[in-house]
Amino acid sequence: MLKWLSSLARGKPGKQGAAKKQSGGAPRRQKKSTGKKRASANADRQLDAVRIPRAEHGISRKDIDEHALKVLYRLRKAGYHACLVGGAVRDLALGMKPKDFDVATDATPEEVNRLFRNCRLIGRRFRLAHIHFGRQIIEVATFRADHDGGDSDGRLDESGRILRDNVYGDIAQDVWRRDFTANALYYDIEDFSVIDFVDGWRDIHERKLRVIGDTETRFREDPVRMIRAIRFAAKLQFTIDDEITRAIHQLGGLLQDIPPARLYEETLKLFHSGHAVESFQQLHEYRLLQYLFPQTATMIEQDESVVKFIELALQSTDKRIQAGLPVTPAFLFAAMLWAPLQKQAEQGVAEGMPYAMAMQQAIAEVVGQQVRTLSIPRRFTTVMRDIWSMQSRFRYRKGRRAHSLLNHPKFRAAYDFICLRGEAGEDVSEDVQFWTEKQKRTPPPQQQHEDEAGHKRSGSRRRRRPRRRKPQ
Ligand code: ATP
Ligand code: MG
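Residues numbered from 1 in each chain as written. Chains lettered and ligands numbered in written order. Predicted model: local features only at pLDDT ≥ 70, side-chain atom pairs only at ≥ 80, totals over all residues.

### Here's the deal with the environment of Gln 136
Piece 1. Mapped onto the elements, Gln 136 comes out in strand E6 (residues 136-142).
Piece 2. Residues Gln 136 and Asp 100, 36 residues apart in the sequence, show an inter-C-alpha distance of 8.9 Å. (Helix = DSSP H or I, 4+ residues; strand = E, 2+ residues; numbered from the N terminus.)

Now the structure itself:
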């Protein structure tokens, strides 16, 4: 998805250079390069394309989503150049199932809108077309032009960060909007070839993550690319080259200036990709954890054993995702912040506060600090609070208190949490044993889960009654 651009596109609206429609529908023929030219630095912005013909790659239309194909075909039929781009081409090249299918075209968003009845234009400054097929969305972005590298129009801030990015261009310019070579392949619906400007095909097959252009410049333009590097390395098992490593060590601090809402979104992508353990380990190794979870990073510095509990929690998240079960960000954040929370509560007790009060104060303090970095929505911080508060209530094993605990809507999440604490070596085995037995005797009512979007789901979802047609 190109949402990152819309979130970058703040400041004044820039010139909206309209993309020119290709006459006759034929895609621009790319100059075939004799020797492949490498994107060594942003200064060298003229890249030659290499076309990998259908016979030489294994990307088959039967693996491409039918709705994405529909969009591509209709754009082509209307005379536009249309390509599948980004993660979908990369994943198909790797023989993986893509998460979503993004399309890039030389049609402007308004032109796309005219072609599809099920189209919605989103973003004010960075316009994108969303084509809706039931719950599925195919995102169509118009090729964007790169900036000239200078800052004559105030497009970059003083640290080199992109502030606006909304000029249409052609495919050869669009390639510069992409972050890594593996993400910059275009599957052309015209002849089913793959267009490669940056040796992305080779890097994918060598499983190497390489930044397009000068690594430092590109990370300065958008520091979130450093987190994306960790995400792709973890998800795809790609190696991160030395330049990326050096640049991350040098520029990690720029993440402090990224709005907490964007960092929250990126953190979710990182930890809800099915590769959370690996992502966490890499964040830790590349010293980026401190920019997402500063309190947790400080705790780990003082006590390495904190890592064990977090990894166990992340393992369980990964397993749930791989099994297709819903996951809630609340559980993830509750686990990430458990150690700092305990430390804070212990301090309160040491100062003479009763435990329950110390805990409530610690929750307010720890959550308050965390949301300055990642803006976790309130509906999730409320659940985190429930999971944490219930941990000490598991000691009540009799009477109404125990009964009400079992009926608590977040009982299941809190119980899973205490089990993980036990596995990580905390002294809670008696509580775990009691509540495990208790559930066998009196199963708790069906619990509700909330998925990432905050939609409530329960095992017994009420079916919507089909709408009756009015008699004619
Ligand atoms: P995933 O499979 O996890 O969705 P993806 O590569 O498709 O991975 P998206 O975040 O969906 O990642 O972005 C789609 C494409 O948009 C990327 O492949 C990349 O080409 C481009 N892109 C997204 N975010 C950025 C960014 N911050 N900087 C540069 N290019 C980006
Ligand atoms: Mg994607």
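So that's the structure; there's more coming.
### A few points about the site of ligand 1
Piece 1. Taken together, 17 residues surround ligand 1, and among them Gly 86, Gly 87, Arg 178, Asp 179 and Asn 183 come closest.
Piece 2. It is helix H8 (residues 224-236) that provides the largest number of residues to the shell around ligand 1, a total of three residues. (Near = placed C-beta within 6 Å.)

### Some remarks on the nonpolar core
Piece 1. By size, the foremost hydrophobic cluster in this structure holds 114 residues, and its most contacted members are Leu 84, Val 103, Leu 288, Ala 334 and Ile 387.
Piece 2. Each of domain 1 (3-204) and domain 2 (308-454) gives at least three residues to this core.
Piece 3. Once you skip the residues sitting within four places of it in the chain, Ala 334 turns out to touch Met 384, Ile 387, Trp 388 and Phe 417. (Core = buried A, V, L, I, M, F, W, Y, C linked by C-beta atoms within 7 Å. Buried ≥ 20, exposed ≤ 12 C-beta atoms within 10 Å, placed from the backbone. Domains from an automatic or database assignment. Contact = placed C-beta atoms within 7 Å.)

### Focus: the confidence of the model for the protein chain
Piece 1. Looking at the protein chain as a whole, the pLDDT averages 84, with 80% of positions reaching at least 70.
Piece 2. Per-residue pLDDT stays below 50 along residues 1-44; that stretch engages in 87 contacts with residues further than four places along the chain or on separate chains.
Piece 3. This stretch, residues 448-462, has a pLDDT under 50; its non-local contacts, to residues over four places away or in other chains, come to 20 contacts. (pLDDT = per-residue confidence, 0-100.)

### Thoughts on H8
Given 3.6 residues per helical turn, the α-helix brings residues three or four places apart onto the same face.
Piece 1. Taking 1.5 Å per residue, 13 residues should reach 18 Å; H8 reaches 18 Å between its end C-alpha atoms and fits that length.
Piece 2. With respect to burial, H8 is a largely interior element, ten of its 13 residues being buried.
Piece 3. Restricting attention to buried positions, one finds in H8 the residues Val 224, Arg 225, Met 226, Ile 227, Ala 229, Ile 230, Arg 231, Phe 232, Ala 233 and Ala 234.
Piece 4. Following H8 by one or two positions, Gln 237 has its phi on the positive side, about 60 degrees. (Expected span 1.5 Å × (residues − 1).)

### A look at the packing of helix H13 (residues 294-302) against helix H16 (residues 338-350)
If you want to describe how two helices pack, look at the angle between their axes and the distance between the axes.
Piece 1. Closest axis-to-axis distance for the H13/H16 pair is 8 Å, and the angle between their directions is 80 degrees. The angle between the axes of H13 and H16 places the two elements in the roughly perpendicular class. Facing H13, whose interface residues are Gln 295, Thr 296 and Met 299, H16 presents Ala 339, Pro 340 and Lys 343.
Piece 2. A breakdown of the residues in the contact of H13 with H16 according to their chemical character gives three nonpolar, two polar and one charged. (Axes fitted to C-alpha atoms, helices over the stretch in contact; angles between N-to-C directions. Parallel < 35°, antiparallel > 145°, perpendicular 65-115°, else oblique. Nonpolar A, V, L, I, M, F, W, Y, C, P; charged D, E, K, R; others polar.)

### Observations regarding the packing of helix H15 (residues 329-336) against helix H18 (residues 378-393)
Piece 1. Contact geometry for H15 and H18: axes closest at 8 Å, N-to-C directions at 55 degrees. When the axis of H15 is compared with that of H18, the two are oblique. Every pair of crossing elements has a handedness; the one defined by H15 and H18 is right-handed. Within the contact between the two elements, H15 uses Pro 329, Ala 330, Phe 331, Phe 333 and Ala 334 and H18 uses Phe 380, Val 383, Met 384, Ile 387 and Trp 388.
Piece 2. Taken together, the residues of the contact of H15 with H18 break down into ten nonpolar, no polar and no charged. (Left-handed = near helix turned anticlockwise from the far one by under 90°.)

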